[in-house]
Amino acid sequence: RIANGVSISPVTEAAIGELHKKVCWAVEMALEAVDRNSAVTAQVVIDAKPEINRLADALDTHLSQRLVAEEDNRLETYRIETDMVENLRRIYYFAKRMAKAIAERDTVPVGAPLPVADDLVHEYVMETPAVDFTTVNDKSTANRRREQVN
């Protein structure tokens, strides 16, 4: 982005930051749900979908309006900014999948085999693009989990 001379407006940066913060929170909560095997925490992550979608959709609208702005590199800027939004959507998708794996464990009838959620969660964590966890406390579950994976 910097090498191409692309700069993000302060308004757009703030909006992307808000979505980033919410997605990081969802990832941390999903990892907490896995760590504690908590269906309640998992449901909180699942229930965040409308808020995540609202933030991402508002950003999409804002970015499409900025596309007509008279600025240098506006197409490159639009491409980079929309990529950021899509990557954050994907990260939330995997956090939600982890949460669903935990929530579904509680809905299995007594005596039925449990789903292999631990394997699925590990696979999802490995497939999820790198997340900037600078907004997460150093002693958080997210950092502990990331260290375990590495």
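Just so you know, these numbers come straight off a predicted model, no measurement behind them.

> Describe helix H2 (residues 39–47), naming the residues involved and giving the relevant values.
Restricting attention to buried positions, one finds in H2 the residues Ala39, Thr41, Ala42, Val45 and Ile46. Across the axial projection of H2, the buried residues extend over an arc of 160 degrees, all falling on one side. In this structure, H2 carries Val40 and Asp47 as exposed residues pointing more than 90 degrees from its buried face. Check the buried side of H2 and you find it contacts helix H1 (10–36), helix H3 (49–66) and helix H4 (74–105).

> Which residues make up the confidence of the model for the protein chain, and what values go with them?
Mean pLDDT over the protein chain works out to 77, with 66% of the residues at or above the 70 mark. Per-element confidence in the protein chain ranges from a low mean pLDDT of 47 for helix H5 (residues 117–127) to a high of 95 for H1.

> Describe the packing of aromatic side chains, naming the residues involved and giving the relevant values.
Taken as a whole, this structure holds one aromatic pair when the rule is applied. For the pair Tyr93 and Phe94, a centre-to-centre distance of 5.2 Å together with 70 degrees between the ring planes defines the contact as edge-to-face.

> An account of unusual backbone geometry is requested, with residue identities and associated values reported.
Even without being glycine, Asn37 reaches a positive phi, approximately 55 degrees. Within the fold, Asn37 resides in the loop between H1 and H2. With relative accessibility at 41%, the residue Asn37 sits in the partly exposed group.

> Describe the pattern of salt bridges, and please don't skip the residues or the numbers.
Inspection of the entire model under this criterion finds seven salt bridges. One salt bridge connects Arg89 with Asp60, and the closest N-O pair in it is separated by 2.6 Å. Here the residue Arg89 occupies a position in helix H4, and Asp60 occupies one in helix H3, the gap between them amounting to 29 residues. Judged by its relative accessible area of 26%, Asp60 falls in the partly exposed class. Between Arg79 and Asp83 there is a salt bridge, and its shortest N-O distance comes to 3.1 Å. One end of the pair is Arg79 and the other is Asp83, both in helix H4 and four residues apart, which spans about a single turn. Classification of Asp83 by relative accessible area gives partly exposed; the value is 35%. Because the salt bridges share partners, they merge into one network encompassing Asp57, Asp60, Glu86 and Arg89.

> Which residues make up the nonpolar core, and what values do they have?
Counting 27 residues, the largest nonpolar core has Leu19, Val23 and Tyr92 as its most contacted members. Elements that contribute at least two residues to this core include exactly H1, H2, H3 and H4. Those residues in contact with Tyr92 that sit more than four places away from it in its chain are Val23, Ala26, Val45, Ile46, Ala48, Lys49 and Ile52.

> Which residues make up the side chain of Lys96, and what values go with them?
The topology assignment puts Lys96 in helix H4. For the buried Lys96, no salt bridge is present, and the opposite-charge side chain at shortest range is Asp47, 10 Å distant. Not counting residues within four places of it along the chain, the set of residues in contact with Lys96 comprises Val45, Ile46 and Lys49.

> Describe the packing of H3 against H4, with residues and values.
Remark: H3 packs on H4, axes separated minimally by 10 Å, with the N-to-C direction vectors making an angle of 170 degrees. Put simply, H3 runs roughly antiparallel to H4. Only Tyr78, Glu81, Thr82, Val85, Arg89, Tyr92 and Lys96 of H4 make contact with H3, whose side of the interface consists of Lys49, Ile52, Asn53, Ala56, Asp57, Leu59, Asp60, Leu63 and Ser64. Taken together, the residues of the contact of H3 with H4 sort by class into seven nonpolar, three polar and six charged.

Basis of the calculations
Residues numbered from 1 in each chain as written. Predicted model: local features only at pLDDT ≥ 70, side-chain atom pairs only at ≥ 80, totals over all residues. Heavy atoms only, no water. Buried < 20%, exposed > 50% of the residue type's maximum accessible area, 1.4 Å probe, protein only. Helix = DSSP H or I, 4+ residues; strand = E, 2+ residues; numbered from the N terminus. Arc of directions from axis to C-beta. Contact = heavy atoms within 4.5 Å. pLDDT = per-residue confidence, 0-100. Phe/Tyr/Trp six-rings, centres within 6.5 Å; stacked < 30°, edge-to-face > 60°. Salt bridge = Lys/Arg side-chain N within 4 Å of Asp/Glu carboxyl O. Core = buried A, V, L, I, M, F, W, Y, C linked by side-chain atoms within 4.5 Å. Lys, Arg positive; Asp, Glu negative; His and termini not counted. Axes fitted to C-alpha atoms, helices over the stretch in contact; angles between N-to-C directions. Parallel < 35°, antiparallel > 145°, perpendicular 65-115°, else oblique. Nonpolar A, V, L, I, M, F, W, Y, C, P; charged D, E, K, R; others polar.

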